[in-house]
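Here is how the chains run, residue by residue.
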Amino acid sequence: CLTDRYFPAYRSSVRRGEHSSVASEAHEGLIREADARLKAGEFSRAEALCRAVLGTRPTDPTALHLLGVALHQQGRFSEAIAILDRAVALTPESAALLSDRGAALADAGRPSDAARDFYAARGMGIAGRIFLRNYGRTLWALGNLRGAELLLGSLVHPDWPSPEPFLDLAQVKREAGD
């Protein structure tokens, strides 16, 4: 679950008693439901749930992060980036948040900014397959074919369930003259 894995700041604020227990349970329920809606591809529903949380807690970094992802998935890149910027300002140590903002920046046609976020997230230890593919494709867009080849090449093995990394790597190698 995103909320457990990526948002320890929220969990620790609840443990410190910064929120009343009833309100915290309701809030956590909305966050978990928004997370579930994102995973189910119900992006507008996830957006509505996040906005409900932000109506009472406008600086909640988890709700901001999930809202940014929902907006990104709906193709609303400028809105997503603005929301994710707010979340990063609150939790700059979140590798997942930097990775998600990087993906939104890349899709918005801002590969240099995306690469900066991906580089920072990688330095924090994030290394999932989707992250590596996004970072590799961003390096490719910037003309760093060697860096793209290294990242995308790390994904090419029988365990990857889809052909995209193989195709990406083949295109990078073709551009590099290999």
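What you see is a predicted model, and the numbers here were worked out from it, not measured in a lab.

Asks: Before we go on, may I ask you to explain the overall build of the protein chain in this structure?
Replies: From N to C terminus, the protein chain includes 11 helices and zero strands. Ordered by position from the N terminus, the helices and strands of the protein chain form the series α-α-α-α-α-α-α-α-α-α-α. Taking all 178 residues of the protein chain together, the buried fraction comes to 43%. Sequence separation of 24 or more characterises 48% of the internal contacts of the protein chain that already satisfy a separation of 6 or more. As displayed, the protein chain has an accessible area near 9,000 Å², and 54% of this comes from carbon and sulfur atoms.

Asks: Hey, could you run me through the environment of G147 in this one?
Replies: When you line up the elements, G147 lands in helix α10 (residues 145-153). Among the residues examined, G147 registers a relative accessible area of 15% and is labelled buried. It is 9.2 Å that separates the C-alpha atoms of G147 and Y135, two residues lying 12 residues apart in sequence.

Thresholds, definitions, all that
The numbers attached to residues start from 1 for each chain and follow its sequence in the written order. Confidence filtering applies because this is a predicted model: local features only for residues at pLDDT of at least 70, side-chain atom pairs given and counted only at 80 or more, and all residues used for totals across whole chains, interfaces and linings. Excluding hydrogens and water, the side-chain values take into account all heavy atoms of the structure. Put simply, DSSP marks the helices as runs of H or I at least four residues long and the strands as runs of E at least two long, and each gets a number from the N terminus on. Relative accessibility under 20% of the residue-type maximum defines a buried residue, over 50% an exposed one, and the middle range a partly exposed one, all with a 1.4 Å probe and only protein chains included. The contact definition used throughout considers only heavy atoms, calling two residues in contact when any of these lie within 4.5 Å. Per-residue and other accessible areas were derived by the Shrake-Rupley procedure at a 1.4 Å probe size, with only the shown protein chains allowed to occlude residues.

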